[in-house]
Amino acid sequence: MTDNKQKVLICGDIRGSYKQFFTKIDSTNKKAGPFDLVLCAGSFFSDTNNDELVAYKNGFKHVSCPTYILGPTTEASNAFFSTLDMNDDEICQNLSYLGKRGLYTTSSGLRIAYLSGTEAKSDETETPAWQFTKKDVIAVRDSCLASKSSGEYRGVDVLITAQEPKLGENEGSVLISWLALQIKPRYHFCSMSETYNERPPYRTPRDQTTSIDLSTRLITLASVTNATKAKYLYAANIQPVEKMRVIDLLQKTTDETECPYLKLQFNVETSSGINKNQEQNQFFYDMNDPQDFHGKRRHGGNNHGHQKRPRQQQFDQEKCWFCLSSPDVEKHLVITVGENFYMAMPKGPINENHVLLLSVNHIQSSALLSNESWEELLRFKDALRKFYASIGQVVCFFERNYRTSHLLIDCIPLPKTLEWQIKLTINDKSDEYNLQMETVPNLMDPTDLPDHGPYFSIELPDDSVMLTRQMKNFPIQLTREIMCAETLLNDESKIDWRECKLSKDEELEYVKQFRLKFGHFDFNLDEFKE
């Protein structure tokens, strides 16, 4: 069980003291590490002077451990924050911006909810970037409830907020108190204080989300430069709640107290903002109405975007382009929807039968699927194999669990006459990039895949699987490079999706034609008979 634990450092306000902070992280990592990641609650940037950060951005100095920060807490720090030249939320190597709000899940399954800024004085539609409202806390709550992998909701592992929750007469946020009561974190870290305080753990009673009484440790961290030298750095060795035994979650300590938020008055909606059909993991849309979706992708690509290393998963339903409950889904690309998976066309398809399989709800990889979801995924794959076989083709299923936030499987067919060339081509490309690909038997259940760390897998037409966990400097477009190679589809112009992207009208026609061709094999249709 201890192998599942992650060593995490959590720090209070840095306020521009980068040299002191990174030096402390470096020494702590060498002395007591290695740590998997560092989380910064509170204010990272200074309101006035941020010169110390330049050396890290220019590469003259280095951040020794993957570090994640929250957004601005003041107008002045927001002014500096907005001038940053970030690459996909990466400020410099090993220093990343989590986002205003959301849920970040590590490769080992540690779930970290986060909320930047301070509570807005009013609930107006337009609020400053350094403030949050009811809408933000509800979105985080819905993200956490929607992201449980299977079974009963067990809470999240960590909640980090800049502002403290409302406790007694303090000037904390009532909305943060409500959020903590709703999502039930095992650890709640906050800052924006000059003092350190770790109150006795409190236990939140069971409610409509779970039948388990869950315990929370609330820890307030001092600022890095506090005058009294109060504790500003906290080390935790945390096992993900999803991998804990229920008996361990229920185990009580002698110093536990009553939940401090039960007597507060909340003016927040009490019902979940999640689609009611989500109780069955199903989302229903009129897929012929192009007006339902108003979002657009921020990145794109055959694999629908990516995230920097070492981030594994960031989840906010309003920002994830692939969760069907998200307004950013390009609905016109959806081909068919099941209970736990849906099929869509990719941006810049390699050929006329290239499709994607994606999880309906937000999850990192196939390795983390429940048995029910896994069975449906197998059913989708089997239906595609039968469809491709009916037109003289075979299919390879590619999954890249690296620099991506949502489970996505590329399903790329090619003529059956080329099947004998597939392994040879994969081996050639692996040699080109010095990748060690191992061949494993066919995938029987999620445990056959690595649930610890990133991986790249290729499921071949003979059901064997080629897999690598060697992801340092991994070529992001390897899937397309393999299939577009001279020995297979022989079309290098398709390696970059942007060179073969289609217009909106062409995409609509692509989806229409694929539905017609695949209809006989689509088990999601009412008229389907096996």
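Residues numbered from 1 in each chain as written. Predicted model: local features only at pLDDT ≥ 70, side-chain atom pairs only at ≥ 80, totals over all residues. Heavy atoms only, no water.

Turning to the sheet that holds strand β25 (residues 465–468), a few remarks are in order. With antiparallel pairing, the eight strands of this open sheet are ordered in space as β18-β19-β20-β22-β21-β24-β25-β23. In the strand order of this sheet, the two ends are held by β18 (334–337) and β23 (438–440), each with one partner. When strand polarity is set aside, the average angle formed by the axes of neighbouring strands in this sheet is 25 degrees. Judged from the seven bridges that link them, strand β21 (residues 393–401) and strand β22 (residues 408–415) form a sheet pairing that is antiparallel. Each bridged residue has a counterpart across the sheet, and for phenylalanine 398 the counterpart in β22 is aspartate 410. Contacts from helix α8 (residues 422–432) reach β21, β22, β24 (455–459) and β25, with the element oriented near 10 degrees to β25. (Pairing = 2+ DSSP bridges. Helix = DSSP H or I, 4+ residues; strand = E, 2+ residues; numbered from the N terminus. Axes fitted to C-alpha atoms, helices over the stretch in contact; angles between N-to-C directions. Contact = heavy atoms within 4.5 Å.)

If you look at the biggest cluster of nonpolar residues, it comprises 34 residues, and the most contacted ones within it are Met343, Leu384, Cys411 and Phe514. When contributions to this core are tallied by element, the ones reaching two or more residues are β19 (341–344), β20 (355–359), α7 (371–390), β21, β22, β25 and α10 (504–518). If we ignore the near neighbours within four places in the chain, the residues touching methionine 343 are Leu333, Val334, Ile335, Thr336, Val355, Leu356, Leu357, Phe380, Leu384, Phe514 and Phe518. Of all hydrophobic cores here, the second largest spans 26 residues; its members include Phe35, Val63, Cys65 and Phe81. (Core = buried A, V, L, I, M, F, W, Y, C linked by side-chain atoms within 4.5 Å. Buried < 20%, exposed > 50% of the residue type's maximum accessible area, 1.4 Å probe, protein only.)

Applying the stated rule across the entire model yields 21 aromatic pairs. Taken together, a centroid distance of 5.8 Å and an interplanar angle of 25 degrees make the contact between phenylalanine 514 and phenylalanine 518 stacked. You can see phenylalanine 514 and its partner phenylalanine 518 sitting in helix α10, four residues apart, about one turn around the helix. The exposure class assigned to phenylalanine 514 is buried, which follows from its relative accessible area of 0%. Accessibility expressed as a relative area gives 1% for phenylalanine 518, which makes it buried. Aromatic rings pair up to connect Tyr18, Phe21, Phe22, Phe44, Phe45 and Tyr56 into one cluster. (Phe/Tyr/Trp six-rings, centres within 6.5 Å; stacked < 30°, edge-to-face > 60°.)

Counted according to the given criterion, the structure contains 25 salt bridges. Ionic pairing is found between lysine 100 and aspartate 136, a salt bridge with its closest N-O pair at 3.8 Å. One end of the pair, lysine 100, is in the loop between β5 (95–97) and β6 (101–105); the other, aspartate 136, is in helix α4 (residues 134–146), and 36 residues separate them in sequence. Between aspartate 136 and arginine 101 there is a salt bridge; the shortest N-O distance is 2.4 Å. Here the residue aspartate 136 occupies a position in helix α4, and arginine 101 occupies one in strand β6, the gap between them amounting to 35 residues. Across the pair, arginine 101 and aspartate 136 agree in class, each one buried. Through salt bridges with shared partners, a single network forms among Lys381, Arg385, Glu459 and Asp463. (Salt bridge = Lys/Arg side-chain N within 4 Å of Asp/Glu carboxyl O.)

Further remarks concern the confidence of the model for the protein chain. Per-residue confidence for the protein chain gives a mean pLDDT of 82, with 85% of residues at or over 70. Predicted confidence for residues 270–317 stays below pLDDT 50, and this span has 167 contacts to residues more than four positions away or in other chains. (pLDDT = per-residue confidence, 0-100.)

Going through the model one piece at a time under the given rule, you end up with six cavities of 30 Å³ or more. Roughly 80 Å³ of internal volume is contained in the largest cavity. Every residue lining the largest cavity is counted, 13 residues in all, and those nearest its centre are Lys381, Glu399, Leu443, Ser457 and Glu459. Secondary-structure elements contributing two or more residues to the lining of the largest cavity are α7, β21 and β24. Within the lining of the largest cavity, the residues separate by chemical class into eight nonpolar, two polar and three charged. (1 Å grid on protein atoms, 1.4 Å probe; cavity = no way out; pocket = protein on both sides within 12 Å on 5 of 7 lines; lining within 4 Å. Points joined across faces, edges and corners; volume = space filled by probe spheres on them. Nonpolar A, V, L, I, M, F, W, Y, C, P; charged D, E, K, R; others polar.)

A few words now on the environment of threonine 73. Position of threonine 73 relative to the elements: it lies in the loop between β3 (67–69) and α3 (75–81). Relative accessible area serves as the criterion here: at 7%, threonine 73 is assigned to the buried category. In this structure, the C-alpha to C-alpha distance between threonine 73 and alanine 162, residues 89 residues apart in sequence, is 7.6 Å. Among all residues touching threonine 73, those that are not within four sequence positions of it are Gly42, Ser43, Gly117, Thr118, Trp130, Ala162 and Met192. In terms of polar contacts, threonine 73 uses its side chain to reach the side chain of serine 43, at 2.5 Å. (Polar contact = N/O pair within 3.5 Å; in protein donor to acceptor, adjacent residues only side chain to side chain.)

Relative accessible area serves as the criterion here: at 5%, aspartate 136 is assigned to the buried category. Non-local contacts of aspartate 136, meaning those with residues more than four positions away in its chain, are made with Lys100, Arg101, Leu115 and Gln131.

Time to look at α8. For α8, the full list of buried residues reads Ile422, Thr425, Ile426, Lys429 and Ser430. Buried residues along α8 cover an arc of 135 degrees about the axis, so they all sit on one side. Facing away from the buried side of α8 by over 90 degrees, the exposed positions are Asp428 and Asp431. Tucked into the core, α8 has its buried residues touching β21, β22, β24, β25 and α9 (478–483). Looking one or two residues past α8, asparagine 434 carries a phi angle of roughly 55 degrees, positive in sign. (Arc of directions from axis to C-beta.)

Taken across its five residues, β20 has five buried, putting it largely inside the fold. Bridge count between β19 and β20: four bridges; the pairing is antiparallel. Bridging from a neighbouring strand, methionine 343 pairs with leucine 357 of β20. Two strands pair when backbone bridges link them, and β20 and β22 are joined in this way by four bridges, in the antiparallel orientation. Its bridge partner lying in β22, leucine 357 is registered against isoleucine 409.

So, about the sheet that holds strand β4 (residues 90–92). If you walk across this open sheet you meet the six strands as β4-β5-β3-β2-β1-β15, and the pairing is mixed. This sheet does not close on itself; its edge strands, each paired only once, are β4 and β15 (233–238). Sheet twist, expressed as the mean angle between neighbouring strand axes with direction ignored, is 25 degrees. In the sheet, strand β1 (residues 6–11) pairs with strand β2 (residues 37–40) via four bridges, with the strands oriented parallel.

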